[in-house]
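One letter stands for each residue in the lines below.
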Amino acid sequence: MNNAFTFTIKHSLFDENYNPSENTRITTNFANLARGENRQQNLRNTLVMIDNRFNALAHWDNPNGDRYSVELEIISVEMNIGDDNQAFPAIEILKTNIIDKKTNERIDGIVGNNFSSYVRDYDFSVRLLDHNKNQAGFSIPDDFGDLHGNIFKHFANSAEYKANFSKAPVICLSVSNKNSYQRIGNVHPVLGIEYQQHGTSLTEEYFKKMGLQVRYFMPPNSAAPLAFYFSGDLLGDYSFVELIATISTMETFQKIYRPEIYNANSTAGQYYQPNLNNQDHSLTKIVYDREERSQLAIEQGKFTEKHFIKPYKNILEQWSANCAV
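Rules of the game
- Residues numbered from 1 in each chain as written.
- Predicted model: local features only at pLDDT ≥ 70, side-chain atom pairs only at ≥ 80, totals over all residues.
- Heavy atoms only, no water.
- Helix = DSSP H or I, 4+ residues; strand = E, 2+ residues; numbered from the N terminus.
- Buried < 20%, exposed > 50% of the residue type's maximum accessible area, 1.4 Å probe, protein only.
- Contact = heavy atoms within 4.5 Å.
- Areas by Shrake-Rupley, 256 points an atom, 1.4 Å probe, with all protein chains shown as cover.
- Expected span 1.5 Å × (residues − 1).
- Bend = angle between axes of the 7 residues up to and from the residue.
- Polar contact = N/O pair within 3.5 Å; in protein donor to acceptor, adjacent residues only side chain to side chain.
- Pairing = 2+ DSSP bridges.
- Axes fitted to C-alpha atoms, helices over the stretch in contact; angles between N-to-C directions.
- Phe/Tyr/Trp six-rings, centres within 6.5 Å; stacked < 30°, edge-to-face > 60°.

Labelled according to an unreviewed UniProt entry, the chain appears under the name DUF1852 domain-containing protein, originating from Silvania hatchlandensis.

Right, here's the structure in full:
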């Protein structure tokens, strides 16, 4: 059964000339920026922010703060189903590459930035809502996230993944605004101050089914901690510049998408409760449509239900159950 699904991986450059393809999950942060009359300026400003943040963190042997540049690749993953040549756009992520302008070296970065998935849209924007419709209290289906988790693990362990990437993915997300966080005293030179979440979150449980654990760090001169999801040793498996590329990329997107948390005018303290209603924050000059993003997540969840979940229900259920054996 594990041979029922294979993957096709496509690479494309994310730069100021980027245009989303028809198969791109348009709620993805980078695709949202590349639309409308301000698209090119949005993209240019975003890339400048990423480079500036990288150079601020990679400050050693970098007196002018301009030694490095971050190059971003969009990794589009299609899931090939059986022998009938049917393919579904399963996953889309960004991969970082670091350009050292002093040595003319191009350094591989980490894959996983801006992780997005049509099946995740279906789970959170269709299935979870349907499950709780007309119910007195909120609950989660017992097998919630199982299929998505098995697809992700199958991809991360696939021959296609290993042929394209040398290290396991790291997915960096915003902290949950429903939970509180506390500093625990651990400080990393690049990742910064470590926080511990009080309780757990639905996102944490969902990503656990993908084989990922989470740690929370607030990098130097950041306003709030970031959530880092990984499968191996976050501190030992990746170099400082690899981690910095992920931080600079994802913190930039979070400043644009969630300025109330990541572009706040005050820094998270010993105890921290994220607040999306925080008025004491600054806006970037980059246009981002958050309302449209939420609406499109539902549309894409329904698209997934129609073109993937329902047509392949039996084979998906059998395959996912076989993965758990």
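Next comes the rest of the account.
(A) The overall build of the chain, seen in detail. In terms of helices and strands, the chain carries 10 helices and 10 strands. In the chain, which comprises 325 residues, the proportion classed as buried is 53%. For the chain, the share of sequence-separated contacts (at least 6 apart) that also reach a separation of at least 24 residues comes to 66%. Split by element, the accessible area of the chain, about 15,300 Å² in all, is 46% carbon and sulfur.

(B) Structural detail: helix α3 (residues 118-131). Its 14 residues give α3 an end-to-end C-alpha distance of 18 Å, which sits within 8% of 20 Å, the value for a rise of 1.5 Å per residue. At Phe 124, α3 shows its maximal bend, which comes to roughly 25 degrees. Turning to α3, its buried residues number three or more, namely Tyr 118, Val 119, Arg 120, Asp 121, Tyr 122, Asp 123, Ser 125, Val 126 and Leu 128. Put simply, Ser 117 is the residue that caps the front of α3, since its side-chain oxygen is 3.2 Å from the backbone nitrogen of Val 119.

(C) Structural context of the sheet that holds strand β1 (residues 5-14). If you walk across this open sheet you meet the four strands as β1-β2-β3-β4, and the pairing is antiparallel. Strands with a single pairing partner mark the edges of an open sheet, and in this sheet they are β1 and β4 (105-117). The average angle at which neighbouring strand axes cross in this sheet is 25 degrees, direction not considered. Together, β1, β2 (68-81) and β3 (86-100) form the strand contacts of helix α2 (residues 39-57), whose direction differs from that of β2 by roughly 115 degrees. Against the sheet, helix α4 (residues 146-156) contacts β1, β2, β3 and β4, and its axis sits at roughly 75 degrees relative to β1.

(D) Here's a closer look at the packing of aromatic side chains. Using the criterion set out here, one finds 21 aromatic pairs in the structure. Ring centres of Trp 60 and Phe 240 lie 6.4 Å apart, and the angle between their planes is 65 degrees; on these two criteria the pair is classed as edge-to-face. Here Phe 240 lies in helix α7 (residues 240-257) and Trp 60 lies in the loop between α2 and β2, a separation of 180 residues in the sequence. The partly exposed category is assigned to Phe 240, whose relative accessible area is 36%. By the ring-pair criterion, three or more aromatic residues cluster together here, those being Phe 115, Phe 124, Phe 144, Phe 152, Tyr 206, Phe 207 and Tyr 229.

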